[in-house]
Amino acid sequence: MPVSVLKALAVATGFVAVFLAVWHGRRPRGVPLEEEWKARPGSYGERGPLLLYVLLGTAACFLGAYGVTGRLHLAVLASFGGFFVGRAFERARQNRRRALLRSQYAQVVGSLMAALQGGLSPYQALEDAVPSMPRPARDVFAEILRRTRTGSTYVEAVKGVAEETGWRDLESLVVALRIYSRTGCNLAEVFKHLQESVVERESDRRYVAAVTAETRITARLLSFLPFFLMGVSRVLAPEFVSPLFDTLPGNILIAVVTALVLVGNAVTARMVRAVVGDEV
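J.: Would you take a moment to explain helix α3 (residues 72-79) for this structure?
T.: Two residues of an α-helix separated by three or four positions point the same way, owing to the 3.6 residues in each turn. Residues of α3 that are buried: Leu74, Ala75 and Ser79. An end-on view of α3 places all buried positions within 140 degrees of arc, on one side of the element.

Structural data, given as structure tokens:
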């Protein structure tokens, strides 16, 4: 190989090495104070745009009821369900966020364990691991770090944030830190076993969620079916279904069917949630 080619390869290799070293050096070694406002109470636990969800739910209920029944008074009555639809959307958003936090917990524990294995103290490990955590877990642990900076103990900070955010996985972290504060045990080893149990539990939860997915889909299809049949009947045989939409007994029957559908969905969701978790 010519000498000029070897020199070019050497220069390119040196350039890549310098670039990687500079890029690695850009990684923050702590959480800047100006970023802590993102993790203050009300930021990681704030509610979504509930008013927007309610307005969209009201419009959807009105248009859906009018499309099925073709009656303005039934559409107006159905529009009051927009509040419950908006609440459902907001609850689903919160559930998705908790599911994301749950999926990131093993990575969080692994980051803390690696920092502790490097010889850092718990506070230094938290300071070192937070910048590399994915969001929204980073915002939650930045708030924990802020509380430890202002005089709270690790146990108090983690326990308080766990209660405010609803991130129940942090309870195991509270237990680990409490054991460390009382016995001075090897916290890195405790985190190692904790990470293994978290990974195994998450795998089991995803398996159960996959098994129960068919049940959830079936419940939603059955909930949609009565209203679909109403709409099809109104189009194909309007005289046949006219008493259902234009008389008081028919309207009461529609209300009873709607109530039974809602109750059935609530019972199914509660049963599945007891097994799978919040994200249903």
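J.: What is the right way to read helix α8 (residues 170-183) from this model?
T.: Here α8 is 14 residues long and its end C-alpha atoms lie 20 Å apart, about the 20 Å a rise of 1.5 Å per residue gives. Looking only at α8, the buried set comprises Leu170, Leu173, Val174, Ala176 and Leu177. All buried residues of α8 fall inside an arc of 165 degrees around its axis, so they share one side. Facing away from the buried side of α8 by more than 90 degrees, the exposed set consists of Arg182 and Thr183.

J.: Which parts of the structure should I look at to understand the confidence of the model for the protein?
T.: Should pLDDT be low for a region, the predicted coordinates there are not to be read in detail. A residue-level look at the protein finds 81% of positions with pLDDT of 70 or above and a mean pLDDT of 77. Overall, residues 5-11 carries pLDDT values under 50, and its contacts beyond four positions in sequence, including any with other chains, amount to 2 contacts. Confidence drops under pLDDT 50 across residues 14-46; counting only partners more than four residues distant or on other chains, this segment forms 45 contacts.

J.: Whenever I open this one, the nonpolar core confuses me. Can you help?
T.: The tendency in soluble globular proteins is for nonpolar side chains to be buried side by side. Counting 36 residues, the largest nonpolar core has Tyr105, Leu112, Phe141, Trp167, Leu170, Leu173 and Phe191 as the members making the most contacts within it. The element contributing the most residues to this core is helix α4 (residues 82-117), with 9 residues. Contacts of tryptophan 167, omitting those with residues within four sequence positions, involve Leu101, Arg102, Tyr105, Ala137, Val140, Phe141 and Ala162. Within the second largest apolar cluster, 7 residues are counted, among which are Leu74, Leu244, Phe245 and Ile254.

The rules behind the values
Residues numbered from 1 in each chain as written. Predicted model: local features only at pLDDT ≥ 70, side-chain atom pairs only at ≥ 80, totals over all residues. Heavy atoms only, no water. Buried < 20%, exposed > 50% of the residue type's maximum accessible area, 1.4 Å probe, protein only. Helix = DSSP H or I, 4+ residues; strand = E, 2+ residues; numbered from the N terminus. Arc of directions from axis to C-beta. Expected span 1.5 Å × (residues − 1). pLDDT = per-residue confidence, 0-100. Contact = heavy atoms within 4.5 Å. Core = buried A, V, L, I, M, F, W, Y, C linked by side-chain atoms within 4.5 Å.

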